[in-house]
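Letter by letter, the chains look like this.
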Amino acid sequence: FISHKLEEIFQLADVITVFRNGKKVAYSEIKDVDTGWVIKQMTGRELDQNERFYSTKVSDEVLLEVDGLTGEKFTNVSFKLKKGEILGFSGLVGAGRSEVMQAIFGYLPVYKGSVKLDGEDWKLGDTNYSVKHGFIYLPEERKKQGILPVLSIRDNISVSVLDELKSGISISRKKENELAKNVIETYDVKTPGADKEIQFLSGGNQQKVILARELDDHPEMVIANQPTRGLDIGASEYVRQKILDARNDGAAVLLVSADLEEILQLSDRIAVIYDGKIMGILPAGTDTNTIGMLMMGHKQEEKA
């Protein structure tokens, strides 16, 4: 039985073998180990799954203001995103989290409502406008929306910076190769070379290429939609750290995740969506019971 979902391993397995970078690194009877041991073998280091990464540098200055936004699968959504903040969006599958993000970015239509960035009206329905104004989107469907599968790693990296790679009227292969080499080394992408088609990389290595392509340009705002979906523990931790680095570098982040622990670990505030409506926006450290009740559509009782 092969899986990177540790809860499944501990439910089903009698013994466990751990591989890292193509090599067998550990073996044990399942009764003799815990998840911490497995994570350490998988990643080569100890990880504290209960660690929280709230920022102490969140500005009081509002970067993004969404007011009464209504579109496909969501209604009258309003919230504010502060500079240097990670605002997590939690909710059940089908609650409308992804649709809200795609509408803000310009991928889906908006029926009514408005968005402002730095107090200025934001142009909706135009993804090119979003990208040109320092706004990036890390998609949930990595294979369908995040990569050009039949092209090489080099092409997937260079596609977003073609203007910078020009030499005369053509693209400089030397500049492309240098950029690809730098990304592969900096982001530790496991590949025999930059010419390999990206579809043949693991999900974690594909996500590293996407992160390099999008985050290295120091965006002002990031939408990270299910950024660790389908990734193993080591790759997930790597992606989470890159999102934290972006936040610490000054970016504001809208984080969508079905993993409640990920939301709790990374978010400075947490917005909970149910049936296309925001049920509440909660501070970091809110208990899972409260979040879970809102995710199921139960509003908090008003205190006397």
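Quick caveat, the model's predicted, so the values are computed rather than measured.

**What about the pairing of strand β2 (residues 23-29)?**
Reasoning step 1: In this structure, strand β1 (residues 15-20) lies alongside β2, joined through six bridges in antiparallel fashion. Across the sheet, the residue bridging to V18 is A26, located in β2.
Reasoning step 2: The loop that links β1 with its antiparallel partner β2 comprises two residues; one of these, N21, has a positive phi angle of about 55 degrees.

**What to know about helix α3 (residues 97-105)**
Reasoning step 1: Of all nine residues making up α3, nine are buried, and the element is well covered by its neighbours.
Reasoning step 2: Every buried residue belonging to α3 is among R97, S98, E99, V100, M101, Q102, A103, I104 and F105, and all of these are buried.
Reasoning step 3: With its phi angle positive at about 110 degrees, G106 sits one or two positions after the end of α3.

**Considerations on the packing of helix α8 (residues 203-215) against helix α9 (residues 233-248)**
Reasoning step 1: Across the interface, α8 lies against α9 with an axial gap of 10 Å and an inter-helix angle of 10 degrees. Classified by the angle between their axes, α8 and α9 sit roughly parallel to one another. When α8 is examined against α9, the residues G204, Q207, K208, L211 and L215 are found in contact with a partner set consisting of A235, Y238, V239, K242 and A246.

**Section: the sheet that holds strand β7 (residues 120-121)**
Reasoning step 1: Spatial strand order, β4-β3-β6-β7: four strands in an open sheet with antiparallel pairing. Single-partner strands in this sheet number two, and they are β4 (74-82) and β7.
Reasoning step 2: Taken together, the two bridges between strand β6 (residues 110-117) and β7 define a ladder with antiparallel strand orientation. Across the sheet, residue L117 finds its bridge partner in β7, namely E120.
Reasoning step 3: In the packing of α3 onto the sheet, contacts are made with β3 (62-71), β4 and β6, and the angle to β4 comes to roughly 70 degrees.

**A few points about the pattern of salt bridges**
Reasoning step 1: Within the structure shown, the criterion is met by 19 salt bridges.
Reasoning step 2: The shortest N-O distance in the salt bridge between E29 and K31 comes to 3.6 Å.
Reasoning step 3: Overall, E29 belongs to the partly exposed group, its relative accessible area being 39%.
Reasoning step 4: Between D259 and R240 there is a salt bridge, with the nearest N and O atoms lying 3.3 Å from each other. You can see D259 sitting in the loop between β12 (252-256) and α10 (260-266) and its partner R240 sitting in helix α9, a full 19 residues away along the chain.
Reasoning step 5: Classification of D259 as partly exposed rests on a relative accessible area of 32%.

**Topic: the nonpolar core**
Reasoning step 1: Judged by nonpolar contacts, the single largest core of 40 residues is most densely connected at L138, I153, V209, V222, L255, V272 and I291.
Reasoning step 2: Leaving out residues up to four positions away in the same chain, V209 has contacts with I153, N156, I157, V189, I198 and L201.
Reasoning step 3: Among the nonpolar cores identified, the runner-up in size contains 29 residues, and V77, F105, V256 and I273 belong to it.

What counts, and where the lines are drawn
Every chain is numbered independently, its residues counted from 1 as its sequence is written. Given that the model is predicted, a residue must reach a pLDDT of at least 70 before its local features are reported, and side-chain atom pairs must reach 80 or more before they are shown or counted; all residues, however, enter totals for whole chains, interfaces and linings. To get the side-chain values, take all heavy atoms of the structure and skip hydrogens and water. One bridge is not enough; two strands pair if DSSP finds at least two bridges between them. What counts as a helix is a DSSP run of H or I of at least four residues, what counts as a strand is a run of E of at least two, and both are numbered from the N terminus. For each residue, the accessible area found with a 1.4 Å probe, counting protein chains only, is set against the maximum for its type, and the residue is called buried under 20%, exposed over 50%, and partly exposed in between. Only the stretch in contact is used when fitting a helix axis, every axis being a line fitted to C-alpha atoms; angles between N-to-C directions are given from 0 to 180 degrees. Working definition: roughly parallel below 35 degrees, roughly antiparallel above 145 degrees, roughly perpendicular at 65 to 115 degrees, and oblique for all remaining angles. By the convention used here, residues are in contact when the closest approach between their heavy atoms is within 4.5 Å. Take a side-chain nitrogen of Lys or Arg and a carboxyl oxygen of Asp or Glu: if they are within 4 Å of each other, that pair is a salt bridge. Take the buried residues of types Ala, Val, Leu, Ile, Met, Phe, Trp, Tyr and Cys, join any two whose side-chain atoms come within 4.5 Å, and each joined set is a nonpolar core.

Spatial relationships are all this shows, so hold off on functional conclusions.
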